[in-house]
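# Breakdown of the fold
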Amino acid sequence: MSATTNTQEITTMNIVTRIYLDDNGRCTCEQHAGEYLAASITANPSAHIHTTPIGTWEQMTTDDIRLFGADISCDRC
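To keep things clear, this report deals only with the structure shown in the data block. The residue numbers shown here count from 1 along each chain, following its written sequence. The predicted origin of the model limits local features to residues at a pLDDT of at least 70 and limits the giving and counting of side-chain atom pairs to 80 or more, whereas totals for whole chains, interfaces and linings rest on all residues. Side-chain metrics rest on all non-hydrogen atoms present in the structure, leaving aside hydrogens and water.

## Quick look at the overall build of the protein chain
Helix and strand counts for the protein chain stand at two helices and four strands. In DSSP terms, a helix is any run of H or I states spanning at least four residues, a strand is any run of E spanning at least two, and both are numbered starting from the N terminus. Written out in order from the N terminus, the α and β elements of the protein chain read β-β-α-β-β-α. Each residue is placed in one exposure class: buried if its accessible area under a 1.4 Å probe, protein chains only, is under 20% of its type's maximum, exposed if it is over 50%, and partly exposed if it falls in between. Within the protein chain, the proportion of its 77 residues that are buried is 26%. The criterion used for residue contact is that any of the two residues' heavy atoms lie within 4.5 Å. Taking all contacts inside the protein chain whose residues are at least 6 apart in sequence as the whole, residues at least 24 apart take part in 54%. Exposure was quantified through the Shrake-Rupley algorithm and a 1.4 Å probe, taking into account, for residues, occlusion by the shown protein chains and nothing else. As displayed, the protein chain offers around 6100 Å² of accessible surface, 51% of which is attributable to carbon and sulfur atoms.

## What to know about the sheet that holds strand 1 (residues 18-22)
One open sheet holds the four strands; their spatial order is 2-1-4-3, and the pairing between them is antiparallel. Only two strands of the sheet have a single partner each, and these edge strands are strand 2 (27-29) and strand 3 (49-52). Looking at each pair of strands side by side, their axes are set apart by 30° on average, direction ignored. The pairing criterion for strands is at least two bridges between them, as found by DSSP. Bridge count between strand 3 and strand 4 (residues 55-61): four bridges; the pairing is antiparallel. In the strand pairing of strand 4, His50 is matched with Trp57. Angles here are taken between N-to-C directions and fall from 0 to 180 degrees, while the axes themselves are lines fitted to C-alpha atoms, restricted in helices to the stretch in contact.

Here you go:
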């Protein structure tokens, strides 16, 4: 009789430390930000609010999300 070992594949998830919420309720991380938001983040990396032609995005950190008490995650991740 042989022993069978179950192995699980361990995957590394992207740890998102900042998420952006727009004035229409959309959520995105930096990796999935559209061109306008990505350009604004690149131009002003320390800004917490980014105004683009299609909306205003507010940066939230993981600490902000915990304080907010909601399950907020990127719409595309």
